[in-house]
Amino acid sequence: MGSISHNGAKLHYEIEGREDAPVLVLSNSLGTSLEMWAPQMPALLQRFRVLRHDCRGHGKSDVSAGPYTIAQLGGDVLALMDQLGIQRAHFCGLSMGGMIGMWLGTHHGGRIDRLVLCNTAAKIGTPDVWNTRIDKVRAEGMDAITGGVIDRWFTPGFQQRAPQQVEVVRGMLLATDPEGYAANCAAVRDMDQRSEIAAIRVPTLVISGSHDLATPPADGRAAADTIPGARYVELDAAHLSNWEQAEQFTAALVDFLSA
């Protein structure tokens, strides 16, 4: 593990795997840390050198003054790659991480080999929804929204059969700094990439969850239809498909990156 300083913040990262393996950058969702990718790590480390990071305002990264932008968060990824001497890498992001991936693919496609966009959309929600959430978190803390987030992120069936896994994710949400969360909510609120992603020219896979209430399958299909040549996969899951259908998610990811 390590950290770099960039644009007013210390950014925490972990890089693991063989030094001669292709690099894969993983970017987490709003309200989670790099541990969000724990279900995939054993399989990924067999094939890739994996760079995970806590997005600014999350986990062990600093909470710099907000609001943030998706371009700013994408710049953090590029700074990590630069300081670690990584010229090109695969990129996989989920939810907010997927929005970061869209920005990277659109504006810095020369740095990306293959792009995977999971449970995400080129535009998520309305300003009113995000402003209400920002106000609630600032006034009442993360506990005020975590129950509702968990219900959007996991189907009732998964919550019943895998309560320990759900508690791990709940813990990540509760540990997120409210100001960091609010600053990242603003980044998602203000980003609309629906037309821009047509410029992406790197091989792209879009993964959606059939029961995803946060970024419904229609949003994933729309992104895949807009990005030239993109593939689309839909899993029997809600928003955190990499937890709810971990084996299928990992297989789809590895198959695409290894093609």
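Structure: above.
The present account deals with the structure reproduced in this document. All of these numbers come straight from a predicted model, not from anything done at the bench. (Residues numbered from 1 in each chain as written. Predicted model: local features only at pLDDT ≥ 70, side-chain atom pairs only at ≥ 80, totals over all residues. Heavy atoms only, no water.)

1. Points about the pairing of strand 3 (residues 23-27)
1) Next: Within strand 3, five of the five residues are buried, which leaves the element mostly enclosed by the surrounding structure.
2) Next: Burial of strand 3 is two-sided: the residues Val23, Val25 and Ser27 facing one way and the residues Leu24 and Leu26 facing the other way are all buried.
3) Next: By the bridge criterion, five bridges tie strand 3 to strand 4 (residues 49-53) in an arrangement that is parallel. Looking at the pairing, Leu26 lines up with Arg52 of strand 4.
4) Next: The pairing of strand 3 with strand 5 (residues 89-94) spans four bridges and is classified as parallel. Each bridged residue has a counterpart across the sheet, and for Leu24 the counterpart in strand 5 is His90. (Buried < 20%, exposed > 50% of the residue type's maximum accessible area, 1.4 Å probe, protein only. Helix = DSSP H or I, 4+ residues; strand = E, 2+ residues; numbered from the N terminus. Pairing = 2+ DSSP bridges.)

2. Things to note about the packing of helix 4 (residues 127-140) against helix 8 (residues 178-189)
1) Next: Contact geometry of helix 4 with helix 8 gives a least axis separation of 9 Å together with a crossing angle of 175°. In terms of axis orientation, helix 4 runs roughly antiparallel to helix 8. Facing helix 4, whose interface residues are Pro127, Trp130, Asn131, Arg133, Ile134, Val137 and Arg138, helix 8 presents Pro178, Glu179, Tyr181, Ala182, Cys185, Ala186, Val188 and Arg189.
2) Next: Class assignment of the residues belonging to the contact of helix 4 with helix 8 gives a composition of ten nonpolar, one polar and four charged. (Axes fitted to C-alpha atoms, helices over the stretch in contact; angles between N-to-C directions. Parallel < 35°, antiparallel > 145°, perpendicular 65-115°, else oblique. Contact = heavy atoms within 4.5 Å. Nonpolar A, V, L, I, M, F, W, Y, C, P; charged D, E, K, R; others polar.)

3. Some words on the pairing of strand 7 (residues 204-209)
1) Next: In terms of residue burial, strand 7 counts as a mostly covered element, since six of its six residues are buried.
2) Next: In terms of strand pairing, strand 6 (residues 112-118) meets strand 7 through four bridges, oriented parallel. Across the sheet, residue Leu115 finds its bridge partner in strand 7, namely Thr204.
3) Next: One ladder, built from five bridges, connects strand 7 with strand 8 (residues 231-235); its direction is parallel. The residue of strand 8 that forms the bridge with Ser208 is Glu234.
4) Next: Crossover connection from strand 7 via helix 9 (residues 217-226) to parallel strand 8: handedness right-handed. (Right-handed = clockwise from strand over helix to strand, strands pointing away.)

4. Some thoughts on the environment of Leu34
1) Next: Within the secondary structure, Leu34 sits in the loop between strand 3 and helix 1 (41-44).
2) Next: Taking the relative accessible area as the measure of exposure, Leu34 reaches 2% and is therefore buried.
3) Next: Sequence-wise, Leu34 and Arg52 are 18 residues apart; in three dimensions their C-alpha atoms are separated by 5.8 Å.
4) Next: Beyond its immediate stretch of four places on either side in the chain, Leu34 contacts His12, Tyr13, Glu14, Asn28, Arg52, His53 and Asp54.

5. Section: the sheet that holds strand 1 (residues 2-6)
1) Next: Overall, mixed pairing links the eight strands, which are arranged 1-2-4-3-5-6-7-8 in an open sheet. Two strands lie at the open edges of the sheet, namely strand 1 and strand 8, each paired on one side alone. Between one strand axis and the next, the sheet turns by 20° as a mean value, whatever way the strands run.
2) Next: Running over the sheet, helix 2 (residues 70-83) touches strand 1, strand 2 (9-16), strand 3, strand 4 and strand 5 and is turned about 120° from strand 1.
3) Next: Along the sheet, helix 3 (residues 96-107) makes contact with strand 3, strand 5 and strand 6, crossing strand 5 at roughly 140°.

6. Points about the side chain of Asp76
1) Next: When you line up the elements, Asp76 lands in helix 2.
2) Next: The exposure class of Asp76 is buried, given its relative accessible area of 3%.
3) Next: Within the structure, the side chain of Asp76 is placed 2.8 Å from the side chain of Arg56, a separation counted as a polar contact.
4) Next: Beyond its immediate stretch of four places on either side in the chain, Asp76 contacts His6, Leu11 and Arg56. (Polar contact = N/O pair within 3.5 Å; in protein donor to acceptor, adjacent residues only side chain to side chain.)

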